[in-house]
Amino acid sequence: MGRETDKRVLETLDQWHKDSLPGPIELYARLMRIQAEAKSTISFDRPHLPAEAISERLRRGTPVLAFDEMQLDWGKIDSLFAEALSVIGEYFSLGPSPSTIPLQEMARAWYEGEPMSDGDEEEPLLVALHTALKPFLAAQAEALLPYVDQSLWRRGYCPICGSAPNLAVLRGEGGARWLVCARCDAEWRFQRLQCPFCGTKEQGSLGYFPDAQGLYRLYVCEECKGYIKGIDLRHSQSEVLIPLEWISTLDLDRQACELGYKAGELATTNNS
Ligand SMILES: [Zn+2]
Ligand SMILES: [Zn+2]
């Protein structure tokens, strides 16, 4: 990650825009642009904790970044949130006043995995909220990751923010498996033969469907019926921009649902 990746992400989004994309991909690409542009203006050079305190949290299984430790610019977040909602409103009908919950309260509930009360109205709000917070979250994750001792963390949830992963990446000799956080883009090492969601190591319950090129695969678990998309970087012929991968692989999500799997959810909330 870092500046160079931010720049390449924006260039690729420009290219996608010129090629005109199908509806859902276009929506996500536009939201991605909002957050990628914001992120390219934010950076944190130092983590908020000393290295030893970071390792201590990892040893306890506690994600490193608590909500109250996030460095957030609420003025900026407000405007990113409004911008994201207006884009989403071009694709979905939103209620007249989508939420009465104050943004900061909503952000905390989302981050700490607490349910919100708006029911059906919730989904577009959460997507807009994620778009608005992601630049800050990802920039802070980038500052923290160099201090994360990967040998201290083999868990199914993100060592930085506690969220579930939404992508697995195989890389390096031997193809170590890394998980990518759905929320902050942090990457962490994980066992190849274990479900990140329910934790089973039962080999008979774990499998994957590879694509014809061997580049993408769908990891599935028969125990919790969860899936996670995977990309084998050892088989990639061209540059792969991880932050864009979950958008360009939306078709794999469709296939997974058709096969009866659901996007994996953590068995427990691990962020408090
Ligand atoms: Zn995370
Ligand atoms: Zn499972």
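Residues numbered from 1 in each chain as written. Chains lettered and ligands numbered in written order. Predicted model: local features only at pLDDT ≥ 70, side-chain atom pairs only at ≥ 80, totals over all residues. Heavy atoms only, no water.

Draft legend 1. Examining the coordination of the zinc ion (ligand 1) more closely. At this site the zinc ion (ligand 1) is bound by Cys158 (SG), Cys161 (SG), Cys181 (SG) and Cys184 (SG), with donor distances of 2.3 to 2.4 Å. Around the zinc ion (ligand 1), the four donor atoms sit at angles spanning 98 to 122°, and that spread fits a shape best called tetrahedral. Each donor residue of the zinc ion (ligand 1) belongs to the same chain, and together they define the spacing C-x2-C-x19-C-x2-C. With Cys161 in the loop between helix 6 (122–144) and strand 1 (165–171) and Cys181 in strand 2 (residues 176–181), this residue pair connects regions lying 20 residues apart in the sequence. (Donors = N, O, S within 2.8 Å, 3.2 Å for Na, K, Ca; no water. Tetrahedral: all angles 85-135°; square planar, octahedral: opposite > 155°, others 65-115°. Helix = DSSP H or I, 4+ residues; strand = E, 2+ residues; numbered from the N terminus.)

Draft legend 2. Layout of helix 1 (residues 3–19). Spanning 17 residues, helix 1 covers 25 Å between terminal C-alpha atoms, matching the ideal 24 Å at 1.5 Å per step. Contact partners of the buried residues in helix 1: helix 2 (23–39) and helix 7 (242–248). (Expected span 1.5 Å × (residues − 1). Contact = heavy atoms within 4.5 Å.)

Draft legend 3. Examining the coordination of the zinc ion (ligand 2) more closely. Looking at the zinc ion (ligand 2), the protein donor atoms are Cys195 (SG), Cys198 (SG), Cys221 (SG) and Cys224 (SG), and they sit 2.3 to 2.4 Å from it. Considering all four donor atoms around the zinc ion (ligand 2), the spread of angles at the metal, 106 to 115°, places the coordination shape in the tetrahedral class. On the primary sequence, the residues serving as donors to the zinc ion (ligand 2) are separated as C-x2-C-x22-C-x2-C. One end of the pair, Cys198, is in the loop between strand 3 (187–190) and strand 4 (206–210); the other, Cys224, is in the loop between strand 5 (216–221) and strand 6 (226–232), with 26 residues separating them in the sequence.

Draft legend 4. Fine view of the domain arrangement of the chain. For the chain, the assigned domains are domain 1 (1–150) and domain 2 (154–272). Here domain 1 and domain 2 have C-alpha centroids that lie 20 Å from each other. For the domain 1 and domain 2 pair, buried surface summed over both sides reaches about 2,500 Å², with 67% attributable to carbon and sulfur atoms. Between domain 1 and domain 2 we count two salt bridges in total. (Domains from an automatic or database assignment. Buried area = accessible area lost by both parts, 1.4 Å probe. Salt bridge = Lys/Arg side-chain N within 4 Å of Asp/Glu carboxyl O.)

Draft legend 5. Unusual backbone geometry, seen in detail. Positive phi, close to 70°, is recorded for Asp185, a residue that is not glycine. Assignment of secondary structure puts Asp185 in the loop between strand 2 and strand 3.

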